[in-house]
Amino acid sequence: KQEVTQIPAALSVPEGENLVLNCSFTDSAIYNLQWFRQDPGKGLTSLLLIQSSQREQTSGRLNASLDKSSGRSTLYIAASQPGDSATYLCAVRPWDNYGQNFVFGPGTRLSVLP
Amino acid sequence: NAGVTQTPKFRILKIGQSMTLQCTQDMNHNYMYWYRQDPGMGLKLIYYSVGAGITDKGEVPNGYNVSRSTTEDFPLRLELAAPSQTSVYFCASSYTSGGAHTGELFFGEGSRLTVL
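Definitions and cut-offs
Residues numbered from 1 in each chain as written. Chains lettered and ligands numbered in written order. Predicted model: local features only at pLDDT ≥ 70, side-chain atom pairs only at ≥ 80, totals over all residues. Heavy atoms only, no water. Helix = DSSP H or I, 4+ residues; strand = E, 2+ residues; numbered from the N terminus. Rg over C-alpha atoms; globule rule 2.2 N^0.38 Å. Buried < 20%, exposed > 50% of the residue type's maximum accessible area, 1.4 Å probe, protein only. Contact = heavy atoms within 4.5 Å. Areas by Shrake-Rupley, 256 points an atom, 1.4 Å probe, with all protein chains shown as cover. Core = buried A, V, L, I, M, F, W, Y, C linked by side-chain atoms within 4.5 Å. Polar contact = N/O pair within 3.5 Å; in protein donor to acceptor, adjacent residues only side chain to side chain.

## Looking at the overall build of chain B
Logical step 1: From N to C terminus, chain B includes 0 helices and 11 strands.
Logical step 2: Going residue by residue from the N terminus, the α and β elements of chain B occur as β-β-β-β-β-β-β-β-β-β-β.
Logical step 3: Relative to the globule expectation of 13 Å for 116 residues, the C-alpha radius of gyration of chain B, 14 Å, shows essentially globular dimensions.
Logical step 4: With the principal axes as the frame, chain B shows a C-alpha extent of 45 × 30 × 25 Å.
Logical step 5: Within the span of chain B, comprising 116 residues, buried residues form 45% of the whole.
Logical step 6: A separation of at least 24 residues holds for 54% of the contacts in chain B among residues at least 6 apart in sequence.
Logical step 7: On chain B, roughly 5,600 Å² of surface is accessible, and the fraction owed to carbon and sulfur atoms is 53%.

## Let's talk about the nonpolar core
Logical step 1: Counting 23 residues, the largest nonpolar core has Leu33, Trp35, Leu75 and Ile77 of chain A as the members making the most contacts within it.
Logical step 2: Mapped onto this core, the elements with two or more residues apiece are strand 3 (19-25), strand 4 (30-38), strand 5 (44-51), strand 7 (62-67), strand 8 (72-77), strand 9 (86-94) and strand 11 (108-113) of chain A.
Logical step 3: Excluding its chain neighbours within four sequence positions, the residues that come into contact with Ile77 of chain A are Glu17, Asn18, Leu19, Leu21, Arg61, Leu62, Asp84, Tyr88 and Leu110 of chain A.
Logical step 4: Met32, Leu76, Leu78 and Val115 of chain B belong to the second largest nonpolar core, which has 19 residues in total.

## A few points about the side chain of Ser46 of chain A
Logical step 1: Structurally, Ser46 of chain A is set in strand 5.
Logical step 2: A distance of 2.9 Å separates the side chain of Ser46 of chain A from the side chain of Gln34 of chain A, its partner in a polar contact.
Logical step 3: Among the polar contacts listed, one links the side chain of Ser46 of chain A to the side chain of Glu104 of chain B, at a separation of 2.6 Å.
Logical step 4: If we ignore the near neighbours within four places in the chain, the residues touching Ser46 of chain A are Gln34, Trp35 and Phe36 of chain A together with Glu104 and Leu105 of chain B.

Pasting the structure below:
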């Protein structure tokens, strides 16, 4: 059974710092991996989607990498801003459960201090 | 571009009442999902649908029912509400097919339900 973990559970950094959020999954047979942002009381906003054949994706100050062999993905946020404060979740789509379910991590709560 | 729209955003129910959470998407996605999110418990799949007329149970289906009569709409019905159904409910959709399609998952804003 696929399991997804995210470390750390919470992170607090000063504004301007570069940071890395980690996502680990137990089964490398995945279709894709997606990073989301969730603001308090809001839905999940898609940030980046990495297909299983890709190594990384970039959008603005965000860069996500994928290493299937080690079961890891990282989300790199450059020059963090207070507006980046939110909970970040990763989710994998298992290959053998094609399209039926995503397995979500518990999230990392990020606070960027002015 | 509306994306995934859920109504209502907030609702308080009494034990034993029933209600329907509405979800509609305008992206012509074939897959639709209902999740619940509880503090410290992560997202759990309630039901999903792979297309109009086809639905299937997820991880926590008890106490809920769904239907999918059109591609756009995927309502979630709560029968005989119980305090354990107090949660935030999210509808999501994606387009999934063979080949190179991305299958990106999009979420609605959520419906916060309290059962007293």
